[in-house]
Every structure is written in structure tokens, then in C-alpha cells.
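Working through the structure, step by step
The chain contents come next:
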Amino acid sequence: MWDWGRVRFFWAEVVQNFTRNVPMALTAIGTVAISIILLGVFLYLRTSFDSVMKTLVDQVALSIYLRDDARPGDVRALAARLAADPRVDSVRYVSKKQAIEHLRQTLRGQFNLNLLNTNPLPNTIVVHARHPADIPVLAQELGRSPAVAAVNYGQGITEKLLRAERWLSAAGLIVVGLLLVATALIMYNTIRLTVFARQREIHIMQLVGATGWTVRWPFVFEGILSGLCGALLGLTALALVYHSLAPAFVVNLPFLPFHPTSVSPLHLSLELLTIGVLVGMLSSLLSVSRYVEVA
Amino acid sequence: MIVFRDVSLVYPNGVRALSEVSLTVARGEFLFLVGSTGQGKSSLLKCITREVRPTDGEVEVDGQALSLLRPGDIPYLRRKVGVVFQDFKLLHNKTVWENVAYALQVTGARSRDVLRRVPRMLDMVGLAHKSKMFPYELSGGEQQRTAIARSLVNNPLILLCDEPTGNLDPQTSGEIMTLLARINAKGTTVIVATHNQGIVDRMRRRVVRLVNGRITHDEERGRYHVGLG
Ligand SMILES: Nc1ncnc2c1ncn2[C@@H]1O[C@H](COP(=O)(O)OP(=O)(O)OP(=O)(O)O)[C@@H](O)[C@H]1O
Ligand SMILES: [Mg+2]
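Residues numbered from 1 in each chain as written. Chains lettered and ligands numbered in written order. Predicted model: local features only at pLDDT ≥ 70, side-chain atom pairs only at ≥ 80, totals over all residues. Heavy atoms only, no water.

With that settled, consider the interface of chain A and chain B. Each partner contributes residues to the interface: chain A has 22 residues there, and chain B has 26 residues. It is R20, L207 and V208 of chain A in chain A that bury the most area against chain B; as a group they hold 27% of the surface buried on that side. Close ionic contact of E98 of chain B with R20 of chain A constitutes a salt bridge, the shortest N to O distance being 2.7 Å. Taken together, the connections running from chain A to chain B amount to 10 residue pairs in polar contact (both at pLDDT 80 or more). Elements represented by at least two residues in the side of chain A that touches chain B include exactly α1 (4-20) and α7 (199-207) of chain A. Here the side of chain A that touches chain B is built from residues that sort into seven nonpolar, eight polar and seven charged. (Contact = heavy atoms within 4.5 Å. Buried area = accessible area lost by both parts, 1.4 Å probe. Salt bridge = Lys/Arg side-chain N within 4 Å of Asp/Glu carboxyl O. Polar contact = N/O pair within 3.5 Å; in protein donor to acceptor, adjacent residues only side chain to side chain. Helix = DSSP H or I, 4+ residues; strand = E, 2+ residues; numbered from the N terminus. Nonpolar A, V, L, I, M, F, W, Y, C, P; charged D, E, K, R; others polar.)

Structure, rendered in C-alpha cells:
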């Protein structure tokens, strides 16, 4: 059962430590805020960059050109195979007629297609893969069907694009990981200093009979509170900057990996808030535990 | 109540603070621990609260061998033993009232009891009117009295006072000693480490002298100069 007297006691301790050590509390909060801003900007850029890359990669499609003289049985077998293949996301059939119609519209009279007396375009199946990386393998497999004249997915370029995407995504992950570690260390160090400054206090608490957890709890709450306040402050700053600058960026610098619709601000905020609170809490707990005697 | 059996204490830096100290203090006894500076008085008291751990020998408090204590038990030992530290050890960011209350609150006391006992203690040491002040706003004597109030707020079985009159004028010293005698009369075992000849000679209680970490004299109804010829 909850003992409200105890809760009130711990809470009073936390409030007191905050209000009677304002500079120290502000240092901790400020550090968390700056760390969160840094992290936020990076996470945002990475996510939107990733989504730009993904859009690009998602455009990779496999065109299967069918032989004009393909037997209906072979075509049906090919279609069934595509329908059953788990790697395949979507299949679209473009007939010779549709293809020439499409071409006609694209060219808009710059070239009179009526001069051709036969339609040179093949019947085509356009395949999108669930994972674009599967496309080269798919192309190779499907190319062996007797109904297929040729396959095309921008061989060469597509492989390079896929490789580049894998690399950049991994590099981004590493950078974010390192940044996360770095900011966590910065927060930890600041909070550790605020706890260090209260070593004497911790010692005295124990001398008058406080148990380890009686000493630790207020510090843990304080860590949570610092993390929360700092993260909220940082998020406020980020939100202000985002709302005043982002639209201008998108309009004026469209080549930047800025993709406001691809990043959910709510999701990102929750992530940052969680990071702030967790790091704040753990930093406090680790720091205070070093001074809680285990003799 | 307190038993020392061949207790020796060597600090990590090699200083030998106690050598084969054997001492028995009965429940309800009142004892002066005397000896010039650096002879080991504070060190002996610190063994009782497990602030330090003897290198050799055994200390027993209230029937409990301290060497067998697990870390989790230490806070409960300390709640049985009130201590007035030589350097007071008040919390700087808490008021007089909060300092005294703290020792009670950490034991899980209900706020009703805190509200009842803290003012009573402050009244007893004559600090009720300064309860909202911070330690740095107090004189040395007032800090000392705050420390005394804190040590007693828990109703401890044992009270250890390290130089409790160090900063007090003779009149106030006398009052504090009267207070300690009263607490002792109610059953609390009291040990007072001091250089204050006046109070020792006036009270005529058991006097134990430490020289170089050894007990050289132990006398019922003794005087400050026991063992000094
Ligand atoms: N934490 C410590 N580390 C190393 N040596 C210590 C420590 N505390 C005390 N000493 C040494 O132990 C010896 C006894 O010190 P202690 O504090 O017990 O003396 P005391 O009798 O209380 O002196 P005083 O009357 O000045 O308070 C001294 O030589 C002191 O230098
Ligand atoms: Mg001393």
C-alpha cells in the first residue's frame, strides 16, 4: 500500500533540493535541454533523409517484357508465380496498346507515332518488390521464363543506388548512435557533478539512519524531473525553430533532405522525452549509488 | 549494552587509532571518555555506529555483534544510537526544524509524530525561536544544540556525544549536561567524549581515559584527571 506521508516526504525533499539549489538545478536542466536539441535536430535530419532515400529506392521497378509470340499458358504460369512470390509487392500489366497510348501522351505530337505501321512495344508486366534490394534476383529468376523476352530494372544504376542507400542508412545509424552516447555522457556528467556536490549531505543522511533507498529516491525523482524539464525546454525550442524555419526551407531549398511530412513530430518528441527522462533518472541513480555506503 | 572486546583500529593510512580496547558499558550507564586530542575518543565512538570498522576484535551493541551486520542493517543500528558529532554534521540546505525532523522522517515516522516531537526537542534545547534558520545563520553553540536535538528526536537507546560542550559557555554547558543527565535518568545509555574538565569533575560519573588508543584508566565516580597523577 502507498504511504502518502512517505511520498510527501520524498516529494518535499525533491522540491527543496530544486528550490534551494537553483543554479545547480538549472545547470542540469540546461544541459539536458541542449543535448535534446542536438539529438532532435540529428534525428529529424536522419529520418527525413532516410525517407527521401526510401522514396527514391521505392521507384525502382522491374519491367518484364513479354515475347509477342509467348504462349498464353506460359504467361499464365508467369502471372501465377508472381502472385505467389512473397517478395513481390505489386504487379501491373501494361498491354502493347496501353504502352503506345502512354508513349503517345508523353511525346505529345513531337513525334508522329502513326508513321509506324506496327506497334513495336511489348506487352509488359511491371513488378514492385517489397524490398527493392530483391529486384536484381527476381529479374534473374523471372528472365528464365519462356514467355519473357527481356527484363529491365535499370541494371547497373539500380545496384549502385541500392548500395548507396544501405551505406548511408548504416552510416546514419552509427552517427545517431554515437551522438546518443555522447549526449547521454554529457547529461550524465553534469548530473554526476550535482550529486557530487552533495556528497556530504548523502553521508550525513546515512549517519542519521537513512537506508540506501531513502537516500536514493529523492535523487532518482530529481533526475527524472531534470530530464523531463530539460527535454520539454529543448522540445519547445525545437518546435519554435521548426515552425518558423521549416516551411521556408522546404520552399527555398528543395534539394535539402527536408521532408516535413515524413517525420512525425509527435513521435520524435516522445522519443526525445523518453531519452531525457531515462538518461536523467539513470544518471542520478548511478551517481548517488556511488556515495551510498556498502561497507 | 555496549561491549568492546580487544578492539583495534588501524586507518587505511596506517594510523593506529585504537589498540586492544576492551570496555563494557551497561544499559543506562553514563560514561565520560577523556583524553587529550588525537587519543582515539572519536574513533571509539565511530566504532559503535559502524562509521568505521575495527581492524580487530568485536563490538557489540544491544546484543548485536557489529561484524555480523549486513550493510542493510546498519541504518537500523544507527536509529538506536543518537550521535552528537564533534563537527555537528548539520545539513546546510535544511533549516533547524528540518534538520531535526530529518532524523525522524528517515525512519518512516508519520508526520503527526514528526509535528509533535520536533518542537518538543527544539524547546528542550532552547531553539524553538530559531527553528526556521539555516545552520550558517546560527552561532556555534546553537548549531551544537541543533545537533543535540537531532540526536535525541528518535528516542535512541544510546546517546553518543562527541565534545557536546565544545562551543558553549560554562553556564550553557552546565545546562546541556543537566539535560544529558535527565535523558540518562530516563534510561538512555550516554557516552560523552570531552576535554571539559569542569563538567567531568562536577558530575562525578564513570570516567574512561584513552591514551594513544589504549584505555589506561577506568574509574567509577572519577575525575577528569584520573590517571594523570
Ligand atoms: N579518517 C581518518 N583517517 C586516518 N586517520 C584518522 C582518521 N580519523 C582519525 N584519525 C587519526 O586517528 C587518531 C585518533 O583520532 P580521533 O579523532 O579518534 O581523536 P580524538 O581523541 O577524538 O581527538 P580530539 O579530542 O581532537 O577530537 C588521530 O591520530 C587521528 O589523526
Ligand atoms: Mg574527536
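All names here are of chain B. Counting buried positions along helix α1 (residues 41-48) yields seven of eight residues, so the element is predominantly enclosed. Every buried residue of α1 is listed here: K41, S42, S43, L44, L45, C47 and I48. Of the residues one or two after α1, R50 is the one with positive phi, at around 60°. (Buried < 20%, exposed > 50% of the residue type's maximum accessible area, 1.4 Å probe, protein only.)

Take the state of the cysteines next. The full count for this structure, using the stated rule, is zero disulfides over all chains. Take C161 of chain B: it sits in no disulfide, and the sulfur closest to it among the cysteines is that of C47 of chain B, at 17 Å. (Disulfide = S-S within 2.5 Å.)

All names here are of chain A. Taken together, the side chains of I34, L38, V41, F42, L45 and V175 present a nonpolar region at the surface, about 480 Å² in accessible area. With five residues, helix α2 (residues 22-58) is the largest single contributor of residues to the nonpolar patch. In this fold, V41 is placed in helix α2. Since its relative accessible area comes to 38%, V41 is described here as partly exposed. (Patch = residues over 30% accessible without salt bridge, like charges linked within 9 Å, V, L, I, M, F, W, Y side chains within 5 Å. Areas by Shrake-Rupley, 256 points an atom, 1.4 Å probe, with all protein chains shown as cover.)

Each pocket or cavity is described by its volume, and for the second largest pocket that value is around 390 Å³. Taken together, 20 residues form the lining of the second largest pocket, with G5 and F9 of chain A together with Q105, S111 and V114 of chain B sitting closest to its centre. In terms of residues, the lining of the second largest pocket owes the most to one element, α1 of chain A, which gives seven residues. Grouping the constituent residues of the lining of the second largest pocket by class yields eight nonpolar, five polar and seven charged. (1 Å grid on protein atoms, 1.4 Å probe; cavity = no way out; pocket = protein on both sides within 12 Å on 5 of 7 lines; lining within 4 Å. Points joined across faces, edges and corners; volume = space filled by probe spheres on them.)

As a further point, take the confidence of the model for chain B. When pLDDT drops low, the exact placement of atoms in the prediction is not to be read closely. When pLDDT is averaged along chain B, the result is 93; 99% of the residues meet or exceed 70. Interface confidence for the predicted complex, expressed as ipTM, amounts to 0.91; the pTM equals 0.80. (pLDDT = per-residue confidence, 0-100.)

All right, on to the packing of helix α3 (residues 96-105) of chain B against helix α5 (residues 140-152) of chain B then. Two packed helices can be described by the angle between their axes and the distance between those axes. Residues and elements named next belong to chain B. Interaxial distance between α3 and α5 falls to 7 Å at its minimum, and their mutual angle equals 25°. Considering their axes alone, α3 and α5 lie roughly parallel with respect to each other. The way α3 lies across α5 gives a crossing that is right-handed. In contact with V96, N99, V100 and A103 of α3, α5 contributes T146, A149 and R150. Classifying every residue of the contact of α3 with α5 gives four nonpolar, two polar and one charged. (Axes fitted to C-alpha atoms, helices over the stretch in contact; angles between N-to-C directions. Parallel < 35°, antiparallel > 145°, perpendicular 65-115°, else oblique. Left-handed = near helix turned anticlockwise from the far one by under 90°.)

Residues and elements named next belong to chain B. In this model helix α4 (residues 111-124) runs 20 Å from its N-terminal to its C-terminal C-alpha over 14 residues, within 8% of the 20 Å that 1.5 Å per residue would give. Along α4, the residues that are buried comprise D113, V114, R117, V118, M121 and L122. One face of α4 carries all of its buried residues, which in axial projection span an arc of 135°. Summarising the geometry of α4, the exposed residues directed more than 90 degrees from the buried face are R112, L115 and D123. Check the buried side of α4 and you find it contacts α3 and α5. (Expected span 1.5 Å × (residues − 1). Arc of directions from axis to C-beta.)

Okay, the packing of aromatic side chains next. Any aromatic ring pair is given by two values, namely how distant the centres are and how the planes are angled relative to each other. One pass over the structure, following the stated rule, counts eight aromatic pairs over all chains. Seen in terms of ring centroids, F30 of chain B and F32 of chain B are 5.4 Å apart; in terms of plane orientation they differ by 65°. Their pairing is edge-to-face. These aromatic residues form a ring-pair network of at least three members: F9 and F10 of chain A together with Y102 of chain B. For R216 of chain A, the ring lying beneath its charged end belongs to W213 of chain A, and the centroid distance is 4.6 Å. For K89 of chain B, the ring lying beneath its charged end belongs to F85 of chain B, and the centroid distance is 5.7 Å. (Phe/Tyr/Trp six-rings, centres within 6.5 Å; stacked < 30°, edge-to-face > 60°. Lys NZ or Arg CZ within 6 Å of the ring centre and 35° of its normal.)

What follows deals with the domain arrangement of chain B. Residues and elements named next belong to chain B. Segmentation of chain B into domains returns domain 1 (1-80 + 156-229) and domain 2 (91-155). The C-alpha-based centres of domain 1 and domain 2 are spaced at 23 Å. On the side of domain 2, 13 residues touch domain 1, which itself brings 15 residues to the contact. A combined buried area of about 1,100 Å² lies between domain 1 and domain 2, and 67% of that area is made up of carbon and sulfur atoms. (Domains from an automatic or database assignment.)

Our focus in this paragraph is the nonpolar core. One recurring pattern in soluble globular proteins: nonpolar side chains tend to sit buried together. Counting 58 residues, the largest nonpolar core has V215 of chain A together with F30, F32, Y102, M177, L180 and V192 of chain B as its most contacted members. When near neighbours in sequence (up to four residues on either side) are disregarded, M177 of chain B contacts F30, F32, T165, V192, I199 and M203 of chain B. I2, L33, I191 and V208 of chain B belong to the second largest nonpolar core, which has 33 residues in total. (Core = buried A, V, L, I, M, F, W, Y, C linked by side-chain atoms within 4.5 Å.)

Residues and elements named next belong to chain A. The N-to-C vectors of helix α6 (residues 157-196) and helix α9 (residues 265-291) enclose an angle of 45°; their axes lie 8 Å apart at closest approach. Taken together, the axes of α6 and α9 lie oblique to each other. Note on packing geometry: the crossing formed by α6 with α9 is right-handed. On α9, the residues touching L180, A184, M187, Y188, I191, R192, V195 and F196 of α6 are I275, V279, G280, S283, S284, L286, S287, V288, R290 and Y291. A per-class count over the contact of α6 with α9 returns 12 nonpolar, four polar and two charged.

Residues and elements named next belong to chain B. Around ligand 1, the surrounding shell holds 13 residues, and the nearest of these are T37, K41, S42, S43 and Q86. Here S42 contributes a side-chain N or O atom positioned 2.7 Å from an oxygen atom of ligand 1. Within the contact set of ligand 1, an oxygen atom lies 2.8 Å away from a side-chain nitrogen or oxygen of Q86. Contact with the protein chains hides 67% of the accessible area of ligand 1, taken as 630 Å² for the molecule alone. Among the elements that line the shell around ligand 1, the one with the most residues is α1, at three residues. (Near = heavy atom within 4 Å.)

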